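Okay, here's what each chain looks like letter by letter:
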Amino acid sequence: FTEDRTRRAGLYLTRLTTKSPVRAGVAHPRVRRNMVQPTASSLRHNSLAKVVIVWVSTAWAPVDAMGALGMEAHVPTIRLNNGVMLPTMLWGSGGETQENATSTAPAVRDALITGFPGIDCANHYHNQVGVARGVAMARASLKRAPWIQTKVEPCGHSIITPVLPGNCFNGTLAAFNQNLEQLNLEVVDLTLIHAPPCIPNSSWADPACMWPDQPDAIYPQHCNCAASEPCAMMREQWKALELMLKRGKTRAIGVSNFCAECLKCIAQTDAVIPAVNQLQFHVGMPGPDPAGLLSYCQERGIVVQAYSPLGGDQHAQLLENPTIKRIAAAHGNKTTAQVCLRWVLQLGLPLTTSTVNVDYMREDLEVWGWELSSAEMADLNALNVAPDDPVKSMCLL
């Protein structure tokens, strides 16, 4: 789910488009640092593994921040389990510009020049060529290369770059290389498997392993990752990403929309621990740890990166929620969208957010330098505006 916000008479109105599950990313060639990749066995011996947010003194920032921003956007970073530093806010190309490379380029340019330190993208968004163009357009205004993260299709997906059952390993390598080609990169910062495996009408994917509005297999609404077939497919995909990590073609690897059973499948072998699990995560799912998945990941050194932090299909309820409006008013000129973003960040989670409006880009970046009180955090933690089962709305099982 993606959302684009408009404001009229001081109120938020939201236009929702239902496309694919998520967000987007982009980068420049860079020298791979020699970092030790944590494995399942090494992490088992470190039960005190923690996720740490580190404020950087030299933040990702443009030379000439646009318009009213008029300053460097200091975006903190978070240390991944292999030592790579991930910016805590990225601009997502899976929003309004999805499937339109022409409109993606100027939006990426605006996001980077406004102060976003990087881009979240995916092959499935059909616009990575536009991401590359946008990065090139902004390059002269940037002090450093932006963070770029991308995603490969889940095994069984059959529309864009097929990663087909029986060929999950080689298909994943092909999808990965296509991402680099589209992004005009030699190395990407982070690569994710976009979702668990997908085979329509299989015994372990229900219903029919597709989104209701799609004519073909896209992503599973439910995937029983404990079943032998999808688990084997995930392991093959993960081995392919491990190879790309070893060869220095990606600085970190992770997953998206993976629940505990899917993560357990990868962990059954002495594989590299995923650095990131990108999930839908927002106020009102309910609580700060729906179904215990957040704590499950954190206990294993996996950083949860939030997408749809403004609520996905619950965005309208969030931006007009009386509790959130009251908290925003208590902070003077802050908006309900900023309160929602601040809540995610204050829980210690990085996030991706998307808008083509430069004013909203600036607003999204103005969520540091102030804090929600413990009482306000408690009020937000208690909200429940997600009518669906929290795990089902958080990730694809």
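Described in the following lines is the structure provided in the data block. (Residues numbered from 1 in each chain as written. Predicted model: local features only at pLDDT ≥ 70, side-chain atom pairs only at ≥ 80, totals over all residues. Heavy atoms only, no water.)

## Side note on helix α5 (residues 228-246)
Note the cut-off: Secondary structure elements follow DSSP: runs of H or I of four or more residues count as helices, runs of E of two or more count as strands, with numbering from the N terminus. In this scheme, a helix's expected span is set at 1.5 Å multiplied by one less than its residue total. The rule is simple: take the accessible area with a 1.4 Å probe, protein chains only, and divide by the maximum for that residue type; under 20% is buried, over 50% is exposed, in between is partly exposed. By definition in these notes, contact holds between two residues if any of their heavy atoms fall within 4.5 Å.
Taking 1.5 Å of rise per residue, 19 residues should cover 27 Å, and α5 covers 27 Å from first to last C-alpha, within 8% of that figure. What α5 keeps buried is the set Pro230, Cys231, Met233, Met234, Gln237, Trp238, Ala240, Leu241, Met244 and Leu245. Where the residues of α5 are buried, they touch β9 (147-152), α4 (168-183), β10 (190-193), β11 (253-256) and α6 (260-267). Positive phi shows up at Gly248, right after α5, with a value of about 80°.

## Describing the pattern of salt bridges
Applied cut-off: Salt bridges, as used here, are contacts in which a Lys or Arg side-chain nitrogen is within 4 Å of a carboxyl oxygen on Asp or Glu.
Tallied over the entire structure, the rule returns nine salt bridges. For Asp120, the salt bridge is made with Lys151, and the minimal N-O distance between the two is 2.9 Å. Placement of Asp120 in strand β8 (residues 118-120) and of Lys151 in strand β9 is noted, with a sequence separation of 31 residues between them. Taking the shortest distance from any N to any O, the salt bridge between Lys325 and Glu320 comes out at 3.2 Å.

## Topic: the packing of α4 against α5
The condition is simple: Note on geometry: axes are C-alpha line fits, over the in-contact stretch for helices, and angles between N-to-C directions span 0 to 180 degrees. The scheme is simple: roughly parallel for angles under 35 degrees, roughly antiparallel for over 145, roughly perpendicular for 65 to 115, oblique for anything else. Helix crossings fall into two classes, left-handed where the near helix is turned counterclockwise from the far one by less than a right angle and right-handed where it is turned clockwise. In this count, Pro and Cys sit with the nonpolar residues alongside Ala, Val, Leu, Ile, Met, Phe, Trp and Tyr, while Asp, Glu, Lys and Arg are called charged and the others, Gly among them, polar.
For the pair α4 and α5, interaxial distance at closest approach is 8 Å and the crossing angle is 45°. Taken together, the axes of α4 and α5 are oblique relative to one another. In terms of crossing hand, the pair formed by α4 and α5 is right-handed. On α5, the residues that touch Cys168, Phe169, Thr172, Leu173, Phe176 and Asn177 of α4 are Met233, Glu236, Gln237, Lys239, Ala240, Leu241, Leu243 and Met244. Considered class by class, the residues forming the contact of α4 with α5 number nine nonpolar, three polar and two charged.

## A short note on the environment of Glu320
Inclusion rule: We define a polar contact as two N or O atoms separated by no more than 3.5 Å, with the added condition that, inside protein, one atom must be a possible hydrogen donor and the other a possible acceptor, whereas residues neighbouring each other in sequence contribute only through side-chain atom pairs.
Looking at where Glu320 falls in the secondary structure, it is placed in the loop between α8 (315-319) and α9 (322-330). Engagement of the side chain of Glu320 in a polar contact is seen with the side chain of Lys325, the distance being 3.2 Å.

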